[in-house]
There are 2 protein chains.
Amino acid sequence: MQVIRQYIDNNKQRLLDELFDLLRFPSVSADPKYKADVLKTADYTATKLREAGADNVEVCQTAGYPIVYGEKIIDSSKPTVLVYGHYDVQPPDPLELWETPPFEPTVRDGKIYARGACDDKGQFYMHVKAFELMMQTNTLPCNIKFMIEGEEEVGSNNLGIFVKENKERLKADVVLISDTSMLSMETPSLETGLRGLSYLEVEVTGPNRDLHSGVYGGAVANPATILAKIIASLHDENNHITIPGFYDDVMELTDAEKEALNSAPYNEEEYKKDLGIAEVWGEKGYSTFERTGTRPTLEVNGIWSGYIGEGAKTVLPSKANAKISMRLVPNQGSDKITQLFTEHFTRIAPSYVKVKVTPHHGGEPVVTPTDSVAYQAAQKAITEAFGIEPIPTRGGGSIPIVALFEAELGIKTVLMGFGLDSDALHSPNEKYDIYNYYKGIETIPLFYKHFAHLSE
Amino acid sequence: MQVIRQYIDNNKQRLLDELFDLLRFPSVSADPKYKADVLKTADYTATKLREAGADNVEVCQTAGYPIVYGEKIIDSSKPTVLVYGHYDVQPPDPLELWETPPFEPTVRDGKIYARGACDDKGQFYMHVKAFELMMQTNTLPCNIKFMIEGEEEVGSNNLGIFVKENKERLKADVVLISDTSMLSMETPSLETGLRGLSYLEVEVTGPNRDLHSGVYGGAVANPATILAKIIASLHDENNHITIPGFYDDVMELTDAEKEALNSAPYNEEEYKKDLGIAEVWGEKGYSTFERTGTRPTLEVNGIWSGYIGEGAKTVLPSKANAKISMRLVPNQGSDKITQLFTEHFTRIAPSYVKVKVTPHHGGEPVVTPTDSVAYQAAQKAITEAFGIEPIPTRGGGSIPIVALFEAELGIKTVLMGFGLDSDALHSPNEKYDIYNYYKGIETIPLFYKHFAHLSE
């Protein structure tokens with residue numbers, strides 16, 4: 001480990017500068033106006049892989065944004081680690097809430113503020129630098145393959161096709177991903193599961209045009225009100241989701257699993273204070289960690305109807321729209337849940353309106369067994385780097401392609417992330433702690449060391 | 001009437017051209033970026049009044065947009081009619097739904113398409129031209145005063161002050177307003193009442209920032225969902241508003257009034273077909289005309305929260321907002337209803353969120369007695385011009401200052417409008433039929449004739 005720390009110390013500034021360069025690309029995959037920037041980010045990533053020592057680096061074309069591939073095969077008898085990450089980022093808006101520009105990385109209090117600082121550029125770039133470190137110190141004990149895509153934030157639609165068409169090239173023993181968080185740097189943790197995702201847009205149409213709310217108000221159904229009523233009906237008084245069949249496939253945790261999950265430090269007063277809320281909220285009968293890690297949810301991600309500009313406009317709107325997503329847990333299936341939602345929403349909509357439900361990308365929930373070689377290697381690496389064993393946690397977010405990797409490549413994924421819940425992913429003023437960035441670069445080579453040992 | 005029709009015929013094109021010039025000004029009072037245009041519209045109106053023959057024409061400054069005044073006093077012993085109108089217009093958006101630009105008046109099928117064509121430029125300008133006609137044909141039998149303001153669409157906040165400060169100048173026997181509609185040109189009608197208005201904005205705040213819906217979804221209340229639940233609760237299963245005390249001051253119609261109201265032609269199939277809806281909607285136990293004319297309502301005019309751009313963003317939003325307005329009937333009071341709403345909304349909001357309620361402009365409901373001299377004069381004028389007696393109707397919309405006129409000047413208002421429900425007020429592709437424009441110019445001088453006679 002001394003060798004590792006020395007290398008990081010000697011290259012501290014450059015490691016940061018290169019990340020800042022990466023962060024400056026506004027690689028927003030959701031918005032077509034950033035297309036050129038997304039493509040430049042792919043090229044930058046490929047260049048950095050080459051400079052780190054990777055072979056066969058390729059910016060692989062897809063029907064959408066390219067996937068950057070690179071590898072180092074040291075010995076075909078050694079285990080192979082497949083590193084996944086994504087170089088695209090969430091949209092930055094609302095812009096006016098950022099203290100400094102989202103694509104001008106700025107350091108405050110030891111934190112890097114930028115869109116993508118944590119999700120996922122800061123995190124995947126640690127792997128590129130850890131690889132460089134192992135190459136430079138001649139300590140790479142495994143084969144390594146990189147697969148860095150550009151569409152994770154919009155559903156990774158072309159990744160599945162790429163994986164299916166490149167099974168030989170991607171052959172590996174484990175997938176390694178840093179796109180999740182730890183409880184804290186004092187209480188490091190390892191993700192043992194991720195929730196799945198079902199995402200839909202709904203449109204409720206009343207009259208065929210916006211109407212004067214005086215002339216027609218009271219005689220014509222208002223789609224905004226109807227949509228509000230439908231949304232309101234989706235949770236009962238125990239905040240349990242009311243879609244028939246929704247919970248059929250949900251697996252309850254064992255008592256041991258619940259105990260391990262709830263053993264993680266949790267200070268509800270600080271949690272509430274950090275978020276500025278008076279009360280937490282959630283499904284009755286479950287703790288906060290259970291609610292975010294082991295229970296499925298339904299959230300309104302966006303809703304809009306009528307006049308939303310400055311001042312008053314007395315309109316009875318023609319349409320009302322919402323973006324709704326559900327987080328899923330094992331063994332719920334994303335397609336099945338999407339179907340259940342669509343049928344339910346369509347059925348309960350009253351005859352005064354027409355509704356349209358459009359599914360977006362989905363993803364399956366996953367669980368990584370804690371007795372696997374890969375998990376053990378990560379556990380040992382973190383214990384060595386942090387001086388304390390990591391707590392097993394269940395993540396609330398989704399990385400839809402983890403289930404895909406298992407299905408197509410037959411391998412498990414280790415989710416060894418170094419982010420923090422305070423990183424404000426998907427929000428304004430996203431950040432990544434500099435300490436965590438270097439800590440990740442330090443820990444990752446230890447994973448390779450232990451993975452190689454345990455695989456012998 | 002022959003003299004009237006002759007004059008209109010001889011000046012047909014000019015009457016239309018001048019209105020088109022007026023329509024070209026984008027006098028949008030709700031949006032500050034149109035300020036210069038609004039002021040130019042006031043000047044144009046003043047110029048036209050002068051050209052028509054008015055004396056003491058003045059663009060009167062207020063704390064907001066000016067009020068245009070002009071008068072013709074022929075004989076202090078004659079009755080005086082005070083004509084009210086507004087030269088400001090609704091915002092034109094959504095722009096992409098207009099077939100031709102909103103401020104480039106275009107004729108299709110005998111209709112003038114432009115923002116403000118009916119509400120209110122086409123209608124108030126009929127009065128300016130009717131005045132010119134009476135001056136040119138030497139048939140003006142009453143004194144006439146014009147008061148054309150520029151803030152009706154944003155609440156007429158400075159009109160009350162102007163009226164209070166100019167009681168002498170504005171002394172009159174009746175207020176005459178054309179800002180409402182008739183059932184049709186075949187079944188002319190006269191408005192006997194208008195609904196009042198209470199307009200508010202609500203803001204529901206959950207966490208102090210947008211959150212990642214995976215990390216926090218299920219553990220933190222979503223303000224969009226909470227707002228939906230609150231809105232959903234405002235109407236019960238009979239579409240009756242649930243705010244305590246809301247209906248306390250509502251006056252039911254007499255059987256005779258209901259009969260007169262429901263005698264107006266109503267074809268529900270055509271009504272539904274025109275709006276593209278499968279079913280009408282409304283308070284159980286009331287007909288469509290009763291629902292829009294005699295019953296109070298609550299409408300969501302706008303709602304927005306979270307990510308509403310292109311594509312998917314898995315955010316748990318910090319805030320959710322809505323614009324909500326209520327139409328009121330006699331004898332509900334606007335301030336009282338605003339208070340009841342605010343108290344109720346604040347009280348039923350759960351402790352997971354904070355709510356803020358901000359009132360906008362309001363207005364009182366009004367009724368014009370059908371046995372008054374003014375109403376009789378309008379009735380006779382329409383009967384003469386159309387060859388059929390007008391049906392008395394109750395308007396759904398609000399003109400808040402009508403109650404103000406009664407309170408401050410002690411006089412009633414006659415609502416003699418020539419619009420049609422199909423005019424798409426407040427919507428894209430607002431229009432005014434050319435036939436109605438000329439018909440109004442023809443009918444208005446007859447009002448003056450009968451008003452002068454009946455006042456003797």
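Residues numbered from 1 in each chain as written. Chains lettered and ligands numbered in written order. Predicted model: local features only at pLDDT ≥ 70, side-chain atom pairs only at ≥ 80, totals over all residues. Heavy atoms only, no water.

1. Some details on the packing of helix α4 (residues 121-136) of chain A against helix α13 (residues 434-454) of chain A
Residues and elements named next belong to chain A.
Here's step 1: At a minimum axis separation of 8 Å, α4 and α13 run at an interaxial angle of 55°. The pairing of α4 with α13 is recorded here as oblique in orientation. Two packed elements cross with a definite hand, and for α4 against α13 that hand is right-handed. Contacts from G122, Y125, M126, H127, K129, A130, L133 and M134 in α4 reach N436, Y437, G440, I441, I444, P445 and Y448 in α13. (Axes fitted to C-alpha atoms, helices over the stretch in contact; angles between N-to-C directions. Helix = DSSP H or I, 4+ residues; strand = E, 2+ residues; numbered from the N terminus. Parallel < 35°, antiparallel > 145°, perpendicular 65-115°, else oblique. Left-handed = near helix turned anticlockwise from the far one by under 90°. Contact = heavy atoms within 4.5 Å.)

2. Concerning the relation of the copies chain B and chain A
Here's step 1: With an RMSD of 0.1 Å, the operation that places chain B on chain A is a rotation of 180° combined with a shift of 0.1 Å along the axis. Such a combination of turn and shift is consistent with a two-fold rotation axis.
Here's step 2: Comparing interface residues between copies, 100% of those in chain B also sit at the interface in chain A, which points to an isologous, same-surface contact. (Least-squares fit on C-alpha atoms with pLDDT ≥ 70 in both.)

3. Regarding helix α1 (residues 2-10) of chain A
All names here are of chain A.
Here's step 1: Along α1, the residues classified as buried are I4, Y7 and I8. Looking down the long axis of α1, one finds its buried residues gathered within 95° of arc, a one-sided arrangement. Turned more than 90 degrees away from the buried face of α1 sit Q2 and N10, all of them exposed.
Here's step 2: Looking at the buried side of α1, the elements it contacts are α2 (12-24), α4 and α13. (Buried < 20%, exposed > 50% of the residue type's maximum accessible area, 1.4 Å probe, protein only. Arc of directions from axis to C-beta.)

4. So, the interface of chain B and chain A
Here's step 1: On the side of chain A, 87 residues touch chain B, which itself brings 86 residues to the contact.
Here's step 2: A combined buried area of about 7,400 Å² lies between chain B and chain A, and 53% of that area is made up of carbon and sulfur atoms.
Here's step 3: Summed over the shared surface of chain B and chain A, the number is two salt bridges.
Here's step 4: A salt bridge links D274 of chain A to R209 of chain B; its shortest N-O distance comes to 3.0 Å.
Here's step 5: Per-element accounting of the side of chain B that touches chain A gives the leading share, nine residues, to strand β12 (residues 297-306) of chain B. (Buried area = accessible area lost by both parts, 1.4 Å probe. Salt bridge = Lys/Arg side-chain N within 4 Å of Asp/Glu carboxyl O.)

5. Remarks on empty space enclosed by the protein
Here's step 1: On inspection of all chains with the given rule, the structure shows six cavities of 30 Å³ or more.
Here's step 2: Lining of the largest cavity is provided by 13 residues; of these, N239, E283, P296 and T297 of chain A together with G218 of chain B occupy positions nearest its centre.
Here's step 3: The dominant element in the lining of the largest cavity, judged by the number of residues it contributes, is strand β12 (residues 297-306) of chain A, at three residues.
Here's step 4: Per-class residue counts for the lining of the largest cavity are five nonpolar, four polar and four charged.
Here's step 5: In this structure, the second largest cavity spans a volume of roughly 70 Å³.
Here's step 6: Lining the second largest cavity we find 14 residues, and of these G218 of chain A together with N239, W281, P296 and T297 of chain B sit closest to its centre.
Here's step 7: Residues of the lining of the second largest cavity, tallied by class, amount to five nonpolar, five polar and four charged. (1 Å grid on protein atoms, 1.4 Å probe; cavity = no way out; pocket = protein on both sides within 12 Å on 5 of 7 lines; lining within 4 Å. Points joined across faces, edges and corners; volume = space filled by probe spheres on them. Nonpolar A, V, L, I, M, F, W, Y, C, P; charged D, E, K, R; others polar.)

6. A closer look at the sheet that holds strand β10 (residues 196-205) of chain A
Here's step 1: On the basis of which strands lie adjacent, the open sheet formed by eight strands has the order β15(A)-β10(A)-β14(A)-β12(A)-β12(B)-β14(B)-β10(B)-β15(B) and antiparallel pairing. Pairing within the sheet leaves two strands with one partner each, and these edge strands are β15 (354-363) of chain A together with β15 (354-363) of chain B. If you compare each strand with its neighbour and ignore which way they point, the axes differ by 20° on average.
Here's step 2: When β12 of chain A meets β12 of chain B, the two strands line up antiparallel, connected through five bridges. Bridge pairing in β12 of chain B links I303 of chain A to S305 of chain B.
Here's step 3: The sheet contacts of helix α6 (residues 223-233) of chain A involve β10, β12 and β14 (319-328) of chain A together with β12 of chain B, and relative to β14 of chain A the element is tilted by about 15°.
Here's step 4: Helix-sheet contacts for helix α10 (residues 334-348) of chain B involve β10 (196-205), β12, β14 (319-328) and β15 of chain B, and the interaxial angle to β10 of chain B is about 20°. (Pairing = 2+ DSSP bridges.)

7. Some details on the sheet that holds strand β5 (residues 111-113) of chain B
Residues and elements named next belong to chain B.
Here's step 1: A sheet is described by the order of its strands in space; here three strands give the open sequence β4-β5-β20, paired in antiparallel fashion. Bordering the open sheet on either side are β4 (106-108) and β20 (431-433), each of which pairs with just one other strand. When strand polarity is set aside, the average angle formed by the axes of neighbouring strands in this sheet is 30°.
Here's step 2: As judged from the three bridges shared by β4 and β5, these two strands associate in the antiparallel manner. If you follow R108 over to β5, its bridge partner there is K111.

8. Description of the side chain of E299 of chain A
Here's step 1: Mapped onto the elements of the fold, E299 of chain A is located in strand β12.
Here's step 2: Buried charge without a salt bridge: E299 of chain A, with R195 of chain A as the nearest opposite-charge side chain at an N-O distance of 6.8 Å.
Here's step 3: At 3.3 Å, the side chain of E299 of chain A and the backbone nitrogen of G218 of chain B are in polar contact.
Here's step 4: One polar contact links E299 of chain A to N222 of chain B, side chain to side chain, over a distance of 2.9 Å.
Here's step 5: Apart from residues no more than four positions distant in its own chain, E299 of chain A is found in contact with K323, I324 and S325 of chain A together with S213, G217, G218, N222 and L316 of chain B. (Lys, Arg positive; Asp, Glu negative; His and termini not counted. Polar contact = N/O pair within 3.5 Å; in protein donor to acceptor, adjacent residues only side chain to side chain.)

9. Some thoughts on the UniProt feature "domain: Peptidase M20 dimerisation" (unreviewed entry) in chain A
Here's step 1: UniProt records the feature "domain: Peptidase M20 dimerisation" (unreviewed entry) for residues 193-352 of chain A in the present numbering.
Here's step 2: What you have in residues 193-352 of chain A is 30% helix and 22% strand, and the ends, taken at the C-alpha atoms, are 43 Å apart. (UniProt positions renumbered as here; feature names shortened; annotations may be inferred.)

10. Examining the environment of V57 of chain A
All names here are of chain A.
Here's step 1: Positionally, V57 belongs in strand β1 (residues 55-60).
Here's step 2: Distance from V57 to E71, taken between C-alpha atoms, is 7.0 Å for residues 14 residues apart in sequence.
Here's step 3: With sequence-adjacent residues up to four places away left out, V57 is seen in contact with A46, L49, R50, Y69 and G70.

11. What about helix α2 (residues 12-24) of chain B?
Each turn of an α-helix holds 3.6 residues, which means side chains three or four residues apart point in the same direction.
All names here are of chain B.
Here's step 1: With 13 residues, α2 should cover 18 Å at 1.5 Å per step; its first-to-last C-alpha distance of 19 Å lies within 8% of that length.
Here's step 2: Taken together, the buried positions of α2 are occupied by L15, L16, E18, L19, F20, L22 and L23.
Here's step 3: Close packing links the buried residues of α2 with α1 (2-10), α3 (35-52), β4, β5, α4 (121-136) and α13 (434-454). (Expected span 1.5 Å × (residues − 1).)

12. Topic: the pairing of strand β2 (residues 67-72) of chain B
Residue and element names in this part refer to chain B.
Here's step 1: A large share of β2 lies buried, amounting to six of its six residues.
Here's step 2: The alternating pattern of β2 places I67, Y69 and E71 on one face and V68, G70 and K72 on the opposite face, and all of these are buried.
Here's step 3: The pairing of strand β1 (residues 55-60) with β2 spans four bridges and is antiparallel. Considered in β2, the bridge of V59 is made with V68.
Here's step 4: The antiparallel hairpin formed by β1 and β2 contains six residues in its connecting segment.
Here's step 5: Note that β2 and strand β6 (residues 143-149) share five bridges and pair antiparallel. When the bridges of β6 are listed, Y69 appears paired with M147.

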